[in-house]
Amino acid sequence: MPTHSSLLFRLPALRILMLGLLVGLLTAGLGLSPASASASTDGLASTDSMAAADGSAADANASSAQSTDTSRPPAGQTIVFGIPGLTIDDIDPERTPNLYRLLTEGAAANLNVRTIGAATCPASGWLSFGAGARAQAGPSPAAEDADADDSARCPTMIAPTTDGSADAEDGAASAKDAEDSDEAHGDESAASTTTARIEGFDAVKEPNIGSGYSVDYGMLARAVTEAGKAVPAGTDAADADSLLEPCLAAEGPGAAYAAADHNGVVTNFTEDATATDCRLGVVDLGAIGIRSWLFDPIPNYSYTVPPDFDREARVAEADRRLGVRLREVRENAKDGAADPTIIVAGLGDSSGLPQLRAFIAAGPAFEPGSLSSATTRTPGLLQITDLAPGILDVLDVDSPRAVGFDSTPTDDDPQQRIDDLVAEAQKSTTIHQNLSTFSITLDIIFYVLFIACAVLLNRSILGRRGGATRAAHVHRFLGWVSLAVASLPMGAFLAGLVPWSRTADPGLGLYLSVIGTAAVLFVLALIPPWGRTWRGRVGALAGANLLILAADLATGSHLQANSLLGYNPIVGGRYYGLGNQGAAIFIVSLFIFLGLVVSWLRARGRRKAVIIVPIVIGLAAVFVSGNPSWGAKFGGTIAILAGLMVLVALLTKIRLTLLRLALIGLTSVAILIGIAFLDWLRPAGARSHFGTFFDQIVTGEALQVIGRKLGANLHIIQINPALAIVTPLAVIAILVFLRYLLHFPRVHAGSRTGRLVNKWRGRLPQLFADSDLHYGFLAAATGLGVGLVLTDSGVAVPSTGAMVLLPFLLALSAEHAEETHR
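Procedures and definitions
- Residues numbered from 1 in each chain as written.
- Predicted model: local features only at pLDDT ≥ 70, side-chain atom pairs only at ≥ 80, totals over all residues.
- Heavy atoms only, no water.
- Core = buried A, V, L, I, M, F, W, Y, C linked by side-chain atoms within 4.5 Å.
- Buried < 20%, exposed > 50% of the residue type's maximum accessible area, 1.4 Å probe, protein only.
- Contact = heavy atoms within 4.5 Å.
- Helix = DSSP H or I, 4+ residues; strand = E, 2+ residues; numbered from the N terminus.
- Expected span 1.5 Å × (residues − 1).
- Axes fitted to C-alpha atoms, helices over the stretch in contact; angles between N-to-C directions.
- Parallel < 35°, antiparallel > 145°, perpendicular 65-115°, else oblique.
- Left-handed = near helix turned anticlockwise from the far one by under 90°.
- Nonpolar A, V, L, I, M, F, W, Y, C, P; charged D, E, K, R; others polar.
- Salt bridge = Lys/Arg side-chain N within 4 Å of Asp/Glu carboxyl O.
- Disulfide = S-S within 2.5 Å.

**Student:** Would you take a moment to explain the nonpolar core for this structure?
**Tutor:** When a protein is soluble and globular, its nonpolar side chains tend to lie buried together. Within the largest apolar cluster, 98 residues are counted, with the highest numbers of intra-cluster contacts made by Met-490, Val-538, Phe-591, Ile-592, Phe-808 and Leu-809. Beyond its immediate sequence surroundings of up to four residues, Val-538 is in contact with Leu-483, Ile-592, Leu-596, Phe-808, Ala-811 and Leu-812. Grouped together as the second largest cluster of nonpolar side chains are 54 residues, Val-113, Ala-131, Leu-220 and Ala-223 included.

Dropping the structure here:
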């Protein structure tokens, strides 16, 4: 431990600090979003007008059945048409007039269909839709029958059987299966439907075993059935015949996957879902995809793809089929019932390239506009796991997740709405396709900077090339390069302010936007008065990073979404709040900025401000990161809080031992668990990641989630080993180039380590001779270390943080170098 931190421990000061931090964090935890809470309330408000007719649901809805509106007709049927592969860009007034008409009359959104894996096969999309959770459908296709020219594969979609042959299994299991499917379900089928079974459904479920996701197969169908028949208040005998049955009618193999229970039994399977009396109909219209992606298509069914596949022709065919079915919906509608609700969803990808798909909803509950949900908090964006609870909300049926569709009406013409959604989808696709390239580019830049330090600051090389006369020029050169490199990460976020996705070449527009916005930040750091010194430039850049990220999180985290260093809607890991790489930049910028501010205040004799200012700014940063309605970053908030406690302890001359560091970590975790508990008390649809994590602790799913996140870290190391190597290289750079080892008295000059360190003596200045900068660095290192352990895909936190921290330190060293060589 550095000698200047080996000071007496002052217990009263620590108690006061801990109490202050606790109060601040609890305040942060109570900063709940009125918008999100109201969204959940609005999503459930329509239940006040419905009541249950049978005894099983009467007690739950009796109080809400008292409605003053007695003139409303019984609800009409809701029909969901699934077309895996459909995108908003496919919708055209001439080529797809039926889809265009639905979008004109109703609301639309881009749909994230990610389940388990990079791309989603149609079978997986249907299975996830019915379960309201991410799921993957098996079995894997046979390798010998696969197309050798295309690596994209999808499993065979198994058509359900209705003749009872699937129940004739061998042994005792056959009797049990027959009982489950025939006796338990046969009498439950509605008129015009029959009970069916997906043969070999265990093979379909097999990929979800040990995946870390809990899959409730057939949740949507079961919830509709258990809700009972919906009877609006004031319904008279004349309208009784218009009431619909509490069931889900499934048509086609995809719909059967959505409706099947854990045994593969589909209670209400039919050849025409629009002709039944079920409240909800689900229709599989087939998929839009390439032949190899729709592996082994079902003969004589809509998944059969001709060899001369043409996407536009396929989309037009899907629209034609939709038009036929929409006419049947109108013809089969019950007299006296309200207009039907029509939903069209692209439940899956059409090839190995994942994209956002189309979602359209038209009917009495939907005005022209865009849709979102409490899980995405982004207008015009839904995820596949929102659909089942959202549809249940439309039907006034309670669901486990209590998530509804949030509608944003608009007066824009239909084509403008399409163009806006297509631009957002294009932005997501371009980011997704260029993410690896940008990440590798940053890796290369960091390595070049690393090598430049190793070569240009080597004593023997400088000695041969003029030594002392050129050393200052070398330091200044590295300082300017480092400042430019430190501007790039925030440029990746600010690029979201530029409409690059609407340019002719979105990929080129993206990179030009990143470079342009980074250049603006670089110039901002040079403006007087702060631009006159290296400390001022680094402080300005770090402060700008803090303000930009804080303002973005407070206004909806629009820059985080669809960013090369944020998160991507196609991936679907996060839709709002502070991402991992953004958290890394936030942590480094915060503590380097605080170190510079404290040093500036101490130089001017502001002794009280040296303690008060970092506490105020630090708690504000904790609030921004930890507020469930802003940053909603669980692990990142613990990391910031731990770093802040370390910084305050050092500033107040508290000696940091391993025990006290452990206590700081435990205190940080305890405070955040308390915030998670407060967030968990909110309705399920209004919870953030904090409340969701606490719910996983309560339900016992936390260990599965932690295991899945550890697997994600290993996956990052596999697909991008260069990023993982950044962290140890950054440690080496700091220890060697900044001579940090010299702060440890046990490093003897005659030892091997001492000789290695002394070789670089004088090449970089004693930057950490300023104890306040040293404290800021220690706090940043603490935050990055905690982030590595506690955040999702935590490897990205110290790696990204190093790409900002090391350039900051090198730039700060340039000023000291100029003074040394004058």
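**Student:** Explanation requested: unusual backbone geometry in the structure shown.
**Tutor:** If a residue is not glycine, its phi is most likely negative; likewise, a peptide bond is most likely trans. In this structure, the amide linkage connecting Gly-138 to the following residue, Pro-139, adopts the cis form with an omega of -5°. Within the secondary structure, Pro-139 is located in the loop between helix 5 (122-131) and helix 6 (171-183). Cis peptide bonds are those with omega within 30 degrees of zero, and the linkage from Pro-528 to Pro-529 qualifies with 5°. For Pro-529, the location among the structural elements is in the loop between helix 15 (506-524) and helix 16 (534-554).

**Student:** Would you take a moment to explain helix 19 (residues 634-651) for this structure?
**Tutor:** Since the α-helix turns once every 3.6 residues, residues separated by three or four places project in the same direction. The first and last C-alpha atoms of helix 19 sit 26 Å apart over 18 residues, in line with the 26 Å expected at 1.5 Å per residue. Counting buried positions over the 18 residues of helix 19 gives 18, a clear majority of the element. Looking one or two residues past helix 19, Lys-653 carries a phi angle of roughly 65°, positive in sign.

**Student:** Would you mind going over helix 10 (residues 311-332) with me for this structure?
**Tutor:** Taking 1.5 Å of rise per residue, the 22 residues of helix 10 would be expected to cover 32 Å, and the 31 Å separating its terminal C-alpha atoms lies within 8% of that figure. Among the residues of helix 10, those classed as buried are Arg-314, Val-315, Ala-318, Asp-319, Leu-322, Gly-323, Arg-325, Leu-326 and Val-329. Where helix 10 is buried, its residues meet strand 2 (78-82), helix 4 (97-105), strand 6 (245-251), strand 8 (278-284) and strand 9 (341-345).

**Student:** Honestly, the packing of helix 17 (residues 580-603) against helix 25 (residues 771-790) in this entry has me stumped. Any pointers?
**Tutor:** Relative placement of two packed helices is described by the angle separating their axes and the distance separating the axes. Two elements in contact, helix 17 and helix 25, have axes whose closest approach is 8 Å; the angle formed by their N-to-C orientations is 165°. It follows that helix 17 is roughly antiparallel to helix 25 by the angle criterion. Crossing of helix 17 over helix 25 shows right-handed handedness. The residues of helix 25 that touch helix 17, namely those facing Ala-584, Ile-587, Val-588, Phe-591, Gly-595, Leu-596, Val-598, Ser-599 and Arg-602, are Asp-772, Leu-773, Gly-776, Ala-779, Ala-780, Gly-783 and Leu-784. Along the lines of polarity and charge, the residues of the contact of helix 17 with helix 25 split into 10 nonpolar, four polar and two charged.

**Student:** Is there a simple way to explain the pattern of salt bridges in this structure?
**Tutor:** Close approach of charged atoms allows side chains with opposite charge to pair. Applying the stated criterion across every chain yields a total of 14 salt bridges. In this structure, the salt-bridge partner of Arg-602 is Asp-772, at a minimum N-O distance of 2.8 Å. Highlighted residues: Arg-602 in helix 17 and Asp-772 in helix 25, separated in sequence by 170 residues. Judged by its relative accessible area of 36%, Arg-602 is partly exposed. One salt-bridge network, in which partners are shared between bridges, spans Glu-251, Asp-272, Arg-325 and Glu-328.

**Student:** I'm lost on the state of the cysteines in this one. Help?
**Tutor:** One way to say it: the disulfide is the covalent bond shared by the sulfur atoms of two cysteines. Applying the stated rule across the entire model yields two disulfides. Here Cys-121 connects covalently by a disulfide to Cys-154, the sulfurs 2.1 Å from one another. Here the S-S torsion is close to -100°, and the disulfide linking Cys-121 with Cys-154 is therefore left-handed. Within this pair, whereas Cys-121 is found in the loop between strand 3 (107-112) and helix 5, its partner Cys-154 is found in the loop between helix 5 and helix 6, the two being separated by 33 residues in sequence.

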